[in-house]
Amino acid sequence: MERPGWDQYFMEITRIVARRSTCLRRQVGALLVKDRNILASGYNGAPSGIAHCLDVGCLRERLSVQPGERHELCRGLHAEQNAIIQAAKHGTNINGSTLYCTTLPCGICTKMLINAGIMRIVYEEGYPDPLAGEMVDEAGIEVVKTACRPQGKTEEA
């Protein structure tokens with residue numbers, strides 16, 4: 001039996017977190033990890049107590065908003081934002097941590113991650129936001145793209 005490496009282990013958990021998403025367009029999961037301990041998690045969806053897109057439909061679809069554009073035209077928060085908010089709500093210091101995310105963060109999330117002191121980002125899928133990449137490079141954040149594992153497939157033991 002082969003044990004998964006740390007990045008593989010945390011990315012697998014991130015995929016499970018993404019399954020809680022209430023977004024109709026993209027299910028994203030995020031973990032903030034420091035010293036191999038999970039500090040916070042988040043998935044994309046509407047704020048607590050607000051109707052989910054699953055229930056009321058997708059505003060971005062209705063307005064024909066393209067991925068990577070007009071982030072303010074959405075009922076939901078991004079997974080990375082929810083992870084940062086969860087950490088803040090519980091008084092958890094995330095400075096120096098690693099973000100594991102199923103999708104590369106957008107520009108808005110990237111700015112938040114930089115100011116929160118995230119040192120490393122591990123992700124599976126890209127995101128159409130060149131400015132985010134430029135800011136990550138300028139901030140000196142290490143970025144690691146992992147191999148995507150097709151949904152529904154399990155690794156052989």
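Look a little higher up for the structure.
Peer 1: Lay out the pattern of salt bridges with the relevant residues and their values.
Peer 2: Tallying each qualifying case throughout the model produces six salt bridges. The residue Arg120 makes a salt bridge to Asp7 at a minimum N-O spacing of 2.7 Å. Of this pair, Arg120 sits in strand S4 (residues 120–125) while Asp7 sits in helix H1 (residues 6–18); the two residues are 113 residues apart in sequence, bridging distant segments of the chain. For Asp7, a relative accessible area of 21% gives the class partly exposed. Several salt bridges converge on common partners, so that one network encompasses Asp7, Arg120 and Glu142.

Peer 1: I'd like a rundown of the sheet that holds strand S5 (residues 142–145), residues and numbers included.
Peer 2: Taken in spatial order, the five strands line up as S2-S1-S3-S4-S5 in an open sheet, and their pairing is mixed. Looking at the sheet topology across the chains shown, the edges are occupied by strand S2 (37–43) and S5. With strand direction ignored, the average angle separating the axes of adjacent strands in the sheet is 20 degrees. Of the strand pairs in this sheet, strand S1 (residues 29–34) and strand S3 (residues 98–103) are connected by four bridges, and their pairing is antiparallel. Bridged to Ala30 within S3 is Cys101. Strands S1, S2 and S3 of the sheet are contacted by helix H4 (residues 79–89), whose axis makes an angle of about 130 degrees with S2.

Peer 1: Give a detailed account of the pairing of S5, specifying residues and quantitative values.
Peer 2: Pairing between S4 and S5: four bridges, direction parallel. Paired with Arg120 across the strands is Glu142, a residue of S5. Handedness of the β-α-β unit built from S4, helix H6 (residues 130–139) and S5 comes out right-handed.

Peer 1: Give me the lowdown on the nonpolar core, citing residues and values where you can.
Peer 2: Ala30, Leu32, Ile94, Leu99, Leu113, Ile118 and Ile121 are the most contacted members of the largest nonpolar core, which has 17 residues in total. Every element with two or more residues in this core is listed here: S1, H4, S3 and helix H5 (107–116). Leu32 has contacts with Asn37, Ile38, Leu39, Ala40, Ala83, Ile84, Ile94, Ser97, Thr98, Leu99 and Ile118, leaving out every residue within four places of it along the chain. Ranked by size, the runner-up nonpolar core spans seven residues in total, among them Phe10, Met11, Tyr100 and Val122.

Peer 1: Explain H5 residue by residue, including any values.
Peer 2: Of all the residues in H5, the buried ones are Gly107, Cys109, Thr110, Leu113 and Ala116. Contacts made by the buried residues of H5 are with H4, S3, S4 and H6. Immediately beyond the C-terminal end of H5, within one or two residues, lies Gly117, with a positive phi of roughly 85 degrees.

Peer 1: Residues and numbers for the packing of aromatic side chains, please.
Peer 2: Across all of its chains, the model carries four aromatic pairs by this definition. Ring geometry for Trp6 against Phe10: centres 5.8 Å apart, planes inclined by 25 degrees, an arrangement best described as stacked. A residue pair is termed a helical-turn pair when its members lie 3 or 4 positions apart in one helix, as Trp6 and Phe10 do in helix H1 at four residues. Given the relative accessible area of 39%, Trp6 is considered partly exposed.

About the criteria used
Residues numbered from 1 in each chain as written. Predicted model: local features only at pLDDT ≥ 70, side-chain atom pairs only at ≥ 80, totals over all residues. Heavy atoms only, no water. Salt bridge = Lys/Arg side-chain N within 4 Å of Asp/Glu carboxyl O. Helix = DSSP H or I, 4+ residues; strand = E, 2+ residues; numbered from the N terminus. Buried < 20%, exposed > 50% of the residue type's maximum accessible area, 1.4 Å probe, protein only. Pairing = 2+ DSSP bridges. Axes fitted to C-alpha atoms, helices over the stretch in contact; angles between N-to-C directions. Contact = heavy atoms within 4.5 Å. Right-handed = clockwise from strand over helix to strand, strands pointing away. Core = buried A, V, L, I, M, F, W, Y, C linked by side-chain atoms within 4.5 Å. Phe/Tyr/Trp six-rings, centres within 6.5 Å; stacked < 30°, edge-to-face > 60°.

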